[in-house]
Amino acid sequence: MTPVLRRFLMTAAIVAALGVLAVGWIASAFLFSPCEYSLMRARVSPSQRYVAEIYGASCGMSGSRSVLMLRDRSALALARVDETPPGTVVANDFTATGAGEDLIWEGETTLVLQYSGAQAPRLVSTEWGGVRIEARHVEPTP
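About the cut-offs
Residues numbered from 1 in each chain as written. Predicted model: local features only at pLDDT ≥ 70, side-chain atom pairs only at ≥ 80, totals over all residues. Heavy atoms only, no water. Core = buried A, V, L, I, M, F, W, Y, C linked by side-chain atoms within 4.5 Å. Buried < 20%, exposed > 50% of the residue type's maximum accessible area, 1.4 Å probe, protein only. Helix = DSSP H or I, 4+ residues; strand = E, 2+ residues; numbered from the N terminus. Contact = heavy atoms within 4.5 Å. Salt bridge = Lys/Arg side-chain N within 4 Å of Asp/Glu carboxyl O. Pairing = 2+ DSSP bridges.

(A) Region of interest: the nonpolar core. Counting residues in hydrophobic clusters, the biggest one holds 16 residues, and the most contacted among them are Leu68, Leu70, Leu103, Leu111 and Leu113. Only strand 2 (50-58), strand 3 (64-72), strand 4 (88-92), strand 5 (102-106), strand 6 (110-115) and strand 9 (131-137) provide two or more residues apiece to this core. In this view, leucine 113 contacts Leu68, Ala91, Phe94, Asp102, Leu103, Pro121, Leu123, Ile133, Glu134, Ala135 and Arg136; residues no more than four positions away in its chain are not counted.

(B) Region of the structure containing the pattern of salt bridges. Scanning all chains against the criterion turns up eight salt bridges. One salt bridge in this structure joins arginine 122 and aspartate 93, with 2.9 Å as the shortest N-O distance. Of this pair, arginine 122 sits in strand 7 (residues 122-123) while aspartate 93 is found in the loop between strand 4 and strand 5, placing the two residues 29 residues apart along the sequence. Judged by its relative accessible area of 49%, arginine 122 falls in the partly exposed class. In this structure aspartate 93 comes out as partly exposed when scored by relative accessible area, which is 44%. Arginine 136 serves as the salt-bridge partner of glutamate 134, at 2.9 Å between the closest nitrogen and oxygen. For arginine 136, a relative accessible area of 33% puts it in the partly exposed group. Connected through shared salt-bridge partners, Glu106, Arg132, Glu134 and Arg136 make up one network.

(C) View of the pairing of strand 6. In terms of residue burial, strand 6 counts as a mostly covered element, since six of its six residues are buried. Burial along strand 6 is two-sided: Thr110, Val112 and Gln114 and Leu111, Leu113 and Tyr115, pointing in opposite directions, are all buried. Where strand 5 meets strand 6, five bridges bridge the pair, whose relative direction is antiparallel. What sits directly across from tryptophan 105, in strand 6, is leucine 111.

(D) Region of interest: the sheet that holds strand 4. Ordered by their spatial adjacency, five strands build an open sheet running 1-2-3-4-7, and the pairing between neighbours is antiparallel. Because the sheet does not close on itself, it has two edges, and the strands there are strand 1 (36-44) and strand 7. The pairing of strand 4 with strand 7 spans two bridges and is antiparallel. Across the sheet, asparagine 92 pairs through a bridge with arginine 122, a residue of strand 7.

If you want it as structure tokens, here you go:
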């Protein structure tokens, strides 16, 4: 075997090995979510067109959080490839488990996040598909 052919084959083997490692890393990083999601609450709009869903996300050692997803009910309710719930994230850190906290539809075009804590939910978006999203503070009921 000539030295040039030997060098070419070794380089090709190294490049192939690096390619396999890169594909494996990309698959593990993008196809598998580090969080497990569980549905906590869902509210359907008055016309039955939209659904707002609160999911609890348990992310292992990085902690837990909650996400509010909004989607059109005609869309498939299957988890995405990265295993996150269907829909678009419109708010974070809103569980609606405190006294007086809830998701309320005001007509078809306004979704209200009622919270009673000191800190408002973090809105990612104030509008989605013609639906306005608002956070309102309410006094906790005894």
